[in-house]
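Analysis of the macromolecular model
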Amino acid sequence: MSHNRRDFLKKSTLIGLSGLVSTLLGKEKLSKLESLTKLSELEILFDLPKLPYSYDALEPYIDKQTMLIHHGKHHQAYIDKLNKSLENYNDDTSLNLLLNKASDLNTAIRNNAGGHYNHSLFWQLLRPNPKGEKLIPLAKLNEAINDQFKSFENFKKEFTDIALKAFGSGWCWLIMQEGKLKITSTQNQDNPLMNMISEKGKPILALDIWEHAYYLKYQNKRSDYIANWWNIINWEKAEELFLKK
Ligand code: MN3
């Protein structure tokens, strides 16, 4: 091999290497930039989550029309307003962080972040029950409910009482608070994750008691709506939330 040829090979290897490095760096920078862009889009723009069942799947307990409007119009409206209310918000917009400092936020962010969180959870905690089977809590949660409320029937009664007594629009919850189960209610779209709520805790069950959740089928009869809700609780999801650290 001639001297020149060897020299040429060395040079081209070096050029090749530096080209490779700059290509790699460039690609890395590009993908970092892409992931940052994606991340900020996700943080700023919330999307309507798809229902884990069809709109008519909860019949006859919750009718198709109610589900179409509740999910497609009401939940969508909370998301649209949340996105709009965050347009000039320059801090971290992850949902949990927003709920955690809800008292510092303006009413639009607080209500719509709550509305989005609450409904997203509510859909997941429902399941079809076409055969009308009697649904009861699963292993660990069942044990805890029996321990604390004496029996499932007694728990149902206490939960129903609180959901019926809650004045106006709001939510009824089963939460974990300092290692204990507790039934609570919140007004409007507030929830037990918000910093200013006196009864804070980890949600395990969520029941929407706004009239828009039941008015089409049940009119003003909230008690009938609640009685039927027990037929479509997704206890697998409740168990998962109960066991989650
Ligand atoms: Mn609702």
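The structure under discussion appears in the preceding block.
Read on for a plain summary of the structure. (Residues numbered from 1 in each chain as written. Predicted model: local features only at pLDDT ≥ 70, side-chain atom pairs only at ≥ 80, totals over all residues. Heavy atoms only, no water.)

Glancing now at unusual backbone geometry. For the bond running from Glu 59 to Pro 60, omega is 0°, close enough to zero to count as cis. As for its position among the elements, Pro 60 is in the loop between α1 (3–44) and α2 (64–85). You will see that Lys 150, though not glycine, has its phi angle at about 75°, which is positive. A relative accessible area of 72% places Lys 150 in the exposed class. Positive phi, close to 50°, is recorded for Asn 188, a residue that is not glycine. Mapped onto the elements of the fold, Asn 188 is located in the loop between β2 (180–187) and β3 (202–208). (Helix = DSSP H or I, 4+ residues; strand = E, 2+ residues; numbered from the N terminus. Buried < 20%, exposed > 50% of the residue type's maximum accessible area, 1.4 Å probe, protein only.)

With that settled, consider the pattern of salt bridges. Inspection of every chain in the model, using the stated rule, returns 7 salt bridges. In this structure, Asp 190 engages Arg 110 in a salt bridge whose closest nitrogen and oxygen atoms are separated by 2.9 Å. Taken together, the positions of Asp 190 in the loop between β2 and β3 and Arg 110 in helix α4 (residues 107–124) put the pair 80 residues apart, joining distant regions of the chain. Its relative accessible area of 8% is what places Asp 190 among the buried residues. Of the charged contacts in the structure, one is a salt bridge between Lys 237 and Glu 240, with a shortest N-O distance of 3.0 Å. Remark: Glu 240 and Lys 237 occur in helix α9 (residues 235–243); sequence separation between them is 3 residues, near one turn of the helix. Judged by its relative accessible area of 14%, Lys 237 falls in the buried class. A residue is classified by how much of its surface remains accessible, and Glu 240, at 42% relative accessible area, is partly exposed. (Salt bridge = Lys/Arg side-chain N within 4 Å of Asp/Glu carboxyl O.)

In contact at an axis separation of 8 Å, α2 and α4 are set at 145° when each is read in the N-to-C sense. The chirality of how α2 crosses α4 is left-handed. Contact with α2, carried on its side by Met 67, His 70, His 71, His 75, Tyr 78, Ile 79, Lys 81, Leu 82 and Ser 85, involves Ala 108, Ile 109, Asn 111, Asn 112, Ala 113, Gly 115, His 116, His 119, Ser 120, Phe 122 and Trp 123 of α4 and no other residues of that element. In terms of residue class, the contact of α2 with α4 is made up of 9 nonpolar, 10 polar and 1 charged. (Axes fitted to C-alpha atoms, helices over the stretch in contact; angles between N-to-C directions. Left-handed = near helix turned anticlockwise from the far one by under 90°. Contact = heavy atoms within 4.5 Å. Nonpolar A, V, L, I, M, F, W, Y, C, P; charged D, E, K, R; others polar.)

With 63 residues, the main nonpolar core has Phe 155, Leu 174, Leu 181, Leu 207 and Trp 235 as its most contacted residues. Other than its neighbours up to four places away in sequence, Leu 174 contacts Leu 141, Ile 145, Phe 149, Phe 155, Phe 159, Leu 181, Lys 182, Ile 183, Lys 202, Pro 203, Ile 204 and Leu 205. (Core = buried A, V, L, I, M, F, W, Y, C linked by side-chain atoms within 4.5 Å.)

Moving on: the coordination of the manganese ion. For a metal with four donors in a tetrahedral arrangement, the ideal angle between donors is 109.5 degrees, while six donors in an octahedron ideally sit at 90 or 180 degrees. Those donors, His 70 (NE2), His 119 (NE2), Asp 208 (OD) and His 212 (NE2), are the protein atoms that reach the manganese ion, and they lie 1.9 to 2.2 Å from it. Along the chain, the residues donating to the manganese ion are arranged with the sequence spacing H-x48-H-x88-D-x3-H. Of this pair, His 70 sits in helix α2 while His 212 sits in the loop between β3 and α7 (215–218), placing them 142 residues apart in sequence. For the pair His 70 and His 212, one class covers both residues: buried. (Donors = N, O, S within 2.8 Å, 3.2 Å for Na, K, Ca; no water.)

Where strand β1 (residues 170–177) meets β2, 8 bridges bridge the pair, whose relative direction is antiparallel. If you follow Gln 177 over to β2, its bridge partner there is Lys 180. Where β1 hands over to β2, the hairpin turn is made up of 2 residues, of which Glu 178 adopts a positive phi near 45°. (Pairing = 2+ DSSP bridges.)

Right, let's talk about the side chain of Asp 63 for a bit. Mapped onto the elements, Asp 63 comes out in the loop between α1 and α2. Of the side chains with opposite charge, Lys 217 comes closest to the buried, unpaired Asp 63, at an N-O distance of 5.7 Å. In terms of polar contacts, Asp 63 uses its side chain to reach the side chain of Thr 66, at 2.6 Å. With sequence-adjacent residues up to four places away left out, Asp 63 is seen in contact with Tyr 55, Leu 216 and Lys 217. (Lys, Arg positive; Asp, Glu negative; His and termini not counted. Polar contact = N/O pair within 3.5 Å; in protein donor to acceptor, adjacent residues only side chain to side chain.)

Another point: the sheet that holds β2. If you trace the 3 strands from one edge of the open sheet to the other, you get β2-β1-β3, paired in antiparallel fashion. The sheet is open, and its two edges are formed by β2 and β3, each paired on a single side. In this sheet, neighbouring strand axes are inclined to one another by 20° on average, regardless of whether the strands run parallel or antiparallel. Here β1 runs beside β3; their pairing, made up of 6 bridges, is antiparallel. Counted as the bridge partner of Trp 173 is Ala 206 from β3.

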